[in-house]
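# Secondary and tertiary structure notes
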Amino acid sequence: MDIAGFTPVSAAIGGGLIGAAAVLLMALNGRIAGVSGIVAGVMAPLRGEGGADFSWRLAFVAGLVLAPLLASLVKGEIIAIATPHPLWMMALGGLLVGYGTRLGSGCTSGHGVCGVARLSTRSFAATATFMAAAIVTVFIVNRILGF
Amino acid sequence: MRVLSALLVGVLFGLGLTISEMINPAKIIAFLDVAGSWDPSLLVVMASALAVSFVGYRIVLARRAPLFGAAFQLPTKTTIDRPLIVGSALFGVGWGLAGLCPGPAISAAALGKGEIYVFLIALIAGMLLKDGLAPKRA
């Protein structure tokens, strides 16, 4: 276990905010806070669909982008992130995440948080599946292929 | 009001992702790397998010309707089918390859790192590959 890398306090606070955001979106707008579905909805007008929901979905996405900028402002420096895997894995990963979340009707937020919180069996199955697939993938990439 | 509330909720959600460092692919991969120097932080994020949403949903969904809408819109499907499992498995592989899922990827885009944009463009391409670009014929 990576004791130095383990950040339980910020994880608990951040997780609490994510949960609170999910509850608020339901209380205010009556919607599941599933990011893959919201992003797909932003592109729905390309197919002439989902016009009524376009604005709030775009606003939610804008909020997601705004947040790290606000945090960087408060911190006084740009928040540092690192991408340990090569660029082609980012591209292939993006393609699989995009296609897979649409086929599987959700991602970490919609299934993993909102769905599991509603005790949806579909979301339990989806979450167990993507967690297992991701752990196996990183095991192969990091431990067998040695990236 | 629906738009303003979605914006504020988006900021709150994004702050949660930022504070918990879930926007950092290195942190996600360290969680998924159970055979390496495993970092269990994501488990705490999930547990905390679930504790709040589990209780919060129960209170909210006991009401008749959302504040700015006619009804709560909840998924109605209950069967575990092939697309759910295949799609989730593909998503999991992509999550492990990149260390990013949709929410964190969008937030991380604010930080101006090229690798994140490559992921996002591919993500949108993947979504359009499934959903289609042109209007569906009835």
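The notes below deal with the structure included here. (Residues numbered from 1 in each chain as written. Chains lettered and ligands numbered in written order. Predicted model: local features only at pLDDT ≥ 70, side-chain atom pairs only at ≥ 80, totals over all residues. Heavy atoms only, no water.)

### Section: the packing of helix α5 (residues 108-117) of chain A against helix α6 (residues 121-144) of chain A
All names here are of chain A. At a minimum axis separation of 9 Å, α5 and α6 run at an interaxial angle of 135°. Between α5 and α6, the angle falls in the class oblique. In terms of crossing hand, the pair formed by α5 and α6 is left-handed. Facing α5, whose interface residues are Thr108, Gly110, His111, Gly112, Gly115 and Val116, α6 presents Ser123, Phe124, Ala126, Thr127 and Phe130. Considered class by class, the residues forming the contact of α5 with α6 number four nonpolar, seven polar and no charged. (Axes fitted to C-alpha atoms, helices over the stretch in contact; angles between N-to-C directions. Helix = DSSP H or I, 4+ residues; strand = E, 2+ residues; numbered from the N terminus. Parallel < 35°, antiparallel > 145°, perpendicular 65-115°, else oblique. Left-handed = near helix turned anticlockwise from the far one by under 90°. Contact = heavy atoms within 4.5 Å. Nonpolar A, V, L, I, M, F, W, Y, C, P; charged D, E, K, R; others polar.)

### Some remarks on the environment of Asp131(B)
Along the chain, Asp131(B) falls in helix α6 (residues 114-131). Note on Asp131(B): relative accessible area 12%, which makes it buried. At 2.8 Å, the side chain of Asp131(B) forms a polar contact with the side chain of Arg102(A). (Buried < 20%, exposed > 50% of the residue type's maximum accessible area, 1.4 Å probe, protein only. Polar contact = N/O pair within 3.5 Å; in protein donor to acceptor, adjacent residues only side chain to side chain.)

### Brief notes about unusual backbone geometry
All names here are of chain A. The phi torsion at Ser105 lies on the positive side, around 60°, for a residue other than glycine. Here Ser105 lies in the loop between α4 (87-103) and α5. With phi around 60°, Leu119 is a residue other than glycine that occupies positive phi space. Of note, Leu119 is situated in the loop between α5 and α6.

### Some details on the packing of aromatic side chains
Inspection of the entire model under this criterion finds six aromatic pairs over all chains. Seen from their ring centres, Trp88(A) and Phe147(A) are 6.4 Å apart, and the 75° between their planes marks the pair as edge-to-face. Note that Trp88(A) is positioned in helix α4 and Phe147(A) in the segment after α6, a separation of 59 residues in sequence. According to the relative accessible area criterion, Phe147(A) is partly exposed, its value standing at 47%. In this structure an aromatic cluster arises from ring pairing among Phe130(A), Phe91(B) and Trp95(B). Lying over the aromatic face of Phe54(B), Arg58(B) brings its terminal NZ or CZ to 3.9 Å of the ring centre. (Phe/Tyr/Trp six-rings, centres within 6.5 Å; stacked < 30°, edge-to-face > 60°. Lys NZ or Arg CZ within 6 Å of the ring centre and 35° of its normal.)

### Some details on α6(B)
For α6(B), spanning 18 residues, the distance from its first C-alpha to its last is 26 Å, which sits close to the expected 26 Å at 1.5 Å a residue. Among the residues of α6(B), Ile116(B), Phe119(B), Leu120(B), Ala122(B), Leu123(B), Gly126(B), Met127(B), Leu128(B) and Asp131(B) are the ones counted as buried. Considering only its buried residues, α6(B) is in contact with α2 (35-43) and α4 of chain A together with α2 (25-32), α4 (82-98) and α5 (102-108) of chain B. Once α6(B) finishes, Gly132(B) follows within two positions and takes phi at roughly 90°, a positive value. (Expected span 1.5 Å × (residues − 1).)

### Quick look at the pattern of salt bridges
Side chains that differ in charge, positive against negative, can pair when their charged atoms come close. Inspection of the entire model under this criterion finds ten salt bridges over all chains. Arg102(A) is paired through a salt bridge with Asp131(B); the nearest N and O atoms lie 2.8 Å apart. With Arg102(A) in helix α4 and Asp131(B) in helix α6, this residue pair bridges two chains. Under the relative-accessibility criterion, Arg102(A) is labelled partly exposed at 24%. Notably, a salt bridge pairs Asp39(B) with Lys27(B), separated by 3.0 Å at the nearest N-O pair. (Salt bridge = Lys/Arg side-chain N within 4 Å of Asp/Glu carboxyl O.)

### With respect to empty space enclosed by the protein
Under the defined criterion, the tally for this structure stands at one cavity of 30 Å³ or more. The space that makes up the largest cavity amounts to roughly 200 Å³. Ile18(A), Thr108(A), Ser109(A), Leu17(B) and Cys101(B) are, among the 18 residues lining the largest cavity, the residues nearest its centre. Of all elements in the fold, only α5 of chain A together with α1 (2-19), α3 (41-60) and α5 of chain B reach the threshold of two or more residues within the lining of the largest cavity. Ranked by the residues each element gives to the lining of the largest cavity, the list is headed by α3(B), at four residues. Split into classes, the residues belonging to the lining of the largest cavity amount to 15 nonpolar, three polar and no charged. (1 Å grid on protein atoms, 1.4 Å probe; cavity = no way out; pocket = protein on both sides within 12 Å on 5 of 7 lines; lining within 4 Å. Points joined across faces, edges and corners; volume = space filled by probe spheres on them.)

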